[in-house]
Amino acid sequence: MSELVPEPRPKPAVPMKPMSINSNLLGYIGIDTIIEQMRKKTMKTGFDFNIMVVGQSGLGKSTLVNTLFKSQVSRKASSWNREEKIPKTVEIKAIGHVIEEGGVKMKLTVIDTPGFGDQINNENCWEPIEKYINEQYEKFLKEEVNIARKKRIPDTRVHCCLYFISPTGHSLRPLDLEFMKHLSKVVNIIPVIAKADTMTLEEKSEFKQRVRKELEVNGIEFYPQKEFDEDLEDKTENDKIRQESMPFAVVGSDKEYQVNGKRVLGRKTPWGIIEVENLNHCEFALLRDFVIRTHLQDLKEVTHNIHYETYRAKRLNDNGGLPPGEGLLGTVLPPVPATPCPTAE
């Protein structure tokens with residue numbers, strides 16, 4: 001008997017390299033107008049940005065978010081009353097607003113987590129937050145797999161999570177480490193040291209270094225994550241943020257005071273005004289520029305391309321762990337019509 005020779009596998013097609021064309025074109029084409037086209041479309045449709053704030057009560061989360069967007073956008077500003085009690089379990093409360101600046105509309109959703117870290121036993125209190133984040137991915141995926149899906153899928157996914165660290169000056173609490181260890185895998189976490197005006201400059205610098213070291217030792221990746229740097233320029237810019245700015249030591253205030261003839265946001269103390277946007281006083285301006293002016297679009301892209309894709313791939317791979325007869329994500333599929341067998345002539 002002759003030996004069976006396996007058929008050679010076809011070689012994968014090698015994509016052709018794009019040919020470089022001399023930039024001295026024979027005439028104007030108009031390629032450069034694409035940026036203006038995108039700008040006009042964004043101006044018409046607007047965009048979504050969903051920010052979550054997590055931390056113990058009394059760290060100024062609501063005030064900081066109001067300061068960040070220079071509006072009364074927090075849960076407390078919208079519906080809170082002073083008699084409201086601290087919830088016995090972690091609750092998730094989302095408040096939506098439309099902010100417009102320079103003709104650009106942003107649908108901002110602020111997600112608050114009252115009750116986090118306020119109990120005697122805080123074991124696994126991060127679970128409702130992780131559940132909420134995953135539910136938003138699930139909601140988006142359900143819309144995405146619909147046959148007749150919406151032209152623009154509503155985006156409720158959490159793009160950014162500001163995690164508020166208590167300004168103890170010592171070290172992170174086990175709860176801080178536990179939360180960030182679990183949640184950094186599903187959402188962009190930006191750690192901030194709250195009420196930084198309670199520390200001296202030396203204490204603040206030492207605490208920032210200690211927090212960075214503890215996060216590194218515990219293998220906790222905060223945003224911007226090293227592996228997502230796209231090029232050398234990104235890496236250089238983000239390395240500076242990771243090594244110098246993080247965690248941002250901030251002060252929030254929605255009250256204005258007169259300083260040297262100018263109206264400034266600040267906190268009044270017996271020894272003077274702490275100016276929120278003065279870099280000599282705190283790092284609020286760095287946080288604002290980072291979240292809104294330089295990295296907002298990247299926060300959305302990392303959410304979609306990394307965190308959501310990781311969730312989506314897992315769900316598609318598991319098929320949702322649903323019993324037979326049900327399709328993806330619990331939708332009942334119609335029976336597939338049987339293909340008739342060819343009859344012998």
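Counting from 1, residues in each chain are numbered in the order their sequence is written. Totals for whole chains, interfaces and linings use all residues, but because this is a predicted model, local features are given only for residues with pLDDT of at least 70 and pairs of side-chain atoms are given and counted only at 80 or more. Calculation of side-chain values draws on the structure's entire complement of heavy atoms; hydrogens and water are dropped beforehand.

- Named according to an unreviewed UniProt entry, the chain is Neuronal-specific septin-3 originating from Sapajus apella.
- Its UniProt record, at the heading Subunit (unreviewed entry), says of the chain: "Septins polymerize into heterooligomeric protein complexes that form filaments, and can associate with cellular membranes, actin filaments and microtubules. GTPase activity is required for filament formation." UniProt positions are given in the numbering used here, feature names are shortened, and annotations may be inferred rather than shown by experiment.

## Looking at the overall build of the chain
So, step 1. Secondary structure elements follow DSSP: runs of H or I of four or more residues count as helices, runs of E of two or more count as strands, with numbering from the N terminus. For the chain, the count of helices and strands is 9 helices and 9 strands.
So, step 2. Burial classes: relative accessible area under 20% of the type maximum marks a residue as buried, over 50% as exposed, and values in between as partly exposed (1.4 Å probe, protein chains only). In the chain, which comprises 345 residues, the share counted as buried stands at 39%.
So, step 3. Here the accessible surface of atoms and residues is derived via Shrake-Rupley with a 1.4 Å probe, and residues count as covered only by protein chains that are part of the display. If you sum the accessible surface of the chain, you get close to 22300 Å²; carbon and sulfur atoms cover 54% of it.

## Considering the environment of K204
So, step 1. Here K204 is to be found in helix 6 (residues 201-217).
So, step 2. If we skip the residues at most four places from it in the chain, K204 touches A196, M199, A249, H281 and C282. Every residue pair with non-hydrogen atoms within 4.5 Å of one another is taken to be in contact.

## A word on the confidence of the model for the chain
So, step 1. Predicted confidence across the chain gives a mean pLDDT of 83, with 81% of residues reaching 70 or more.
So, step 2. Values of pLDDT, ranging from 0 to 100, describe the predictor's confidence in every residue of the model. Confidence drops under a pLDDT of 50 for residues 321-326, and excluding neighbours within four residues, the segment shows 9 contacts in the predicted structure.
So, step 3. Contacts of residues 332-345 to residues separated by more than four positions or lying in other chains number 5 contacts, the stretch itself having pLDDT below 50.

## A look at the nonpolar core
So, step 1. We call a set of buried Ala, Val, Leu, Ile, Met, Phe, Trp, Tyr and Cys residues a nonpolar core when their side-chain atoms join them within 4.5 Å. Of all hydrophobic cores here, the largest spans 74 residues; its most connected members are F49, F69, L162, F179 and I190.
So, step 2. Filtering out sequence-adjacent residues up to four positions away, I190 remains in contact with C160, C161, L162, Y163, Y223, M246, F248, L287, F290, V291 and L299.

## So, the packing of aromatic side chains
Given two aromatic rings, their pairing is described by the distance between the two centres and the angle made by the two planes.
So, step 1. Planes of paired rings set the category: under 30 degrees apart is stacked, over 60 is edge-to-face and the rest tilted, where pairs are Phe, Tyr or Trp rings (Trp by its six-membered ring) whose centres lie within 6.5 Å. According to the stated counting rule, one finds 8 aromatic pairs in the structure shown.
So, step 2. Ring plane angle 85° and centroid distance 6.1 Å describe the contact between F116 and Y163, whose orientation is recorded as edge-to-face. Of this pair, F116 sits in the loop between strand 3 (104-112) and helix 4 (127-145) while Y163 sits in strand 4 (residues 160-165), placing them 47 residues apart in sequence. You'll find F116 and Y163 in the same group, each marked buried.
So, step 3. Between Y137 and Y308, the ring centres sit 6.1 Å apart and the planes meet at 50°, which makes this aromatic pair tilted. Of this pair, Y137 sits in helix 4 while Y308 sits in helix 9 (residues 296-318); the two residues are 171 residues apart in sequence, bridging distant segments of the chain. Summarising the burial analysis for this pair, Y137 and Y308 share the class buried.
So, step 4. Within the aromatic cluster, the residues linked to one another by ring pairs are Y137, F140, Y308 and Y311.
So, step 5. One cation-aromatic arrangement involves R157 over F140; the distance from NZ or CZ to the ring centre is 3.7 Å. Here, a charge over a ring is recorded when the distance from Lys NZ or Arg CZ to the ring centre is within 6 Å and its angle to the ring normal is within 35 degrees.

## Examining a nonpolar patch on the surface
So, step 1. A cluster of nonpolar side chains, contributed by L25, I29 and I31, occupies part of the molecular surface with about 320 Å² of accessible area.
So, step 2. Inspection of the secondary structure puts I29 in the segment before helix 1 (34-45).
So, step 3. For I29, a relative accessible area of 57% corresponds to the exposed category. Only residues above 30% relative accessible area that lack a salt bridge enter a patch, with like-charged residues linked at up to 9 Å and the nonpolar side chains Val, Leu, Ile, Met, Phe, Trp and Tyr linked at up to 5 Å. Criterion for a salt bridge: a side-chain nitrogen of Lys or Arg within 4 Å of a carboxyl oxygen of Asp or Glu.

## Points about the packing of helix 4 against helix 9
So, step 1. Orientation is described by lines fitted to C-alpha atoms, with helices fitted over the stretch in contact, and by angles between N-to-C directions that extend from 0 to 180 degrees. Two elements in contact, helix 4 and helix 9, have axes whose closest approach is 10 Å; the angle formed by their N-to-C orientations is 75°. Relative to helix 9, the element helix 4 is oriented roughly perpendicular. Across the interface between the two elements, N134, Y137, E138, F140, L141 and E144 of helix 4 pack against T303, H304, H307, Y308, Y311, R312 and R315 of helix 9.
So, step 2. Residues are grouped as follows: Ala, Val, Leu, Ile, Met, Phe, Trp, Tyr, Cys and Pro are nonpolar; Asp, Glu, Lys and Arg are charged; all remaining types, including Gly, are polar. Grouping the constituent residues of the contact of helix 4 with helix 9 by class yields 5 nonpolar, 4 polar and 4 charged. The cut-offs work like this: below 35 degrees is roughly parallel, past 145 is roughly antiparallel, 65 to 115 is roughly perpendicular, and the gaps in between are oblique.

## Re unusual backbone geometry
So, step 1. Omega for the bond connecting Y223 with P224 falls within 30 degrees of zero, at 0°, which places this linkage in the cis form.
So, step 2. Mapped onto the secondary structure, P224 falls in the loop between helix 6 and helix 7 (232-245).
So, step 3. Omega for the bond connecting M246 with P247 falls within 30 degrees of zero, at -15°, which places this linkage in the cis form.
So, step 4. Positive phi values are uncommon outside glycine, yet N124 reaches one of about 60°.
So, step 5. For N260, which is not glycine, the phi dihedral falls at a positive 50°.
So, step 6. With respect to the helices, strands and loops of the structure, N260 is situated in the loop between strand 7 (256-259) and strand 8 (262-269).
So, step 7. Of the residues examined, N260 reaches a relative accessible area of 78% and is grouped as exposed.

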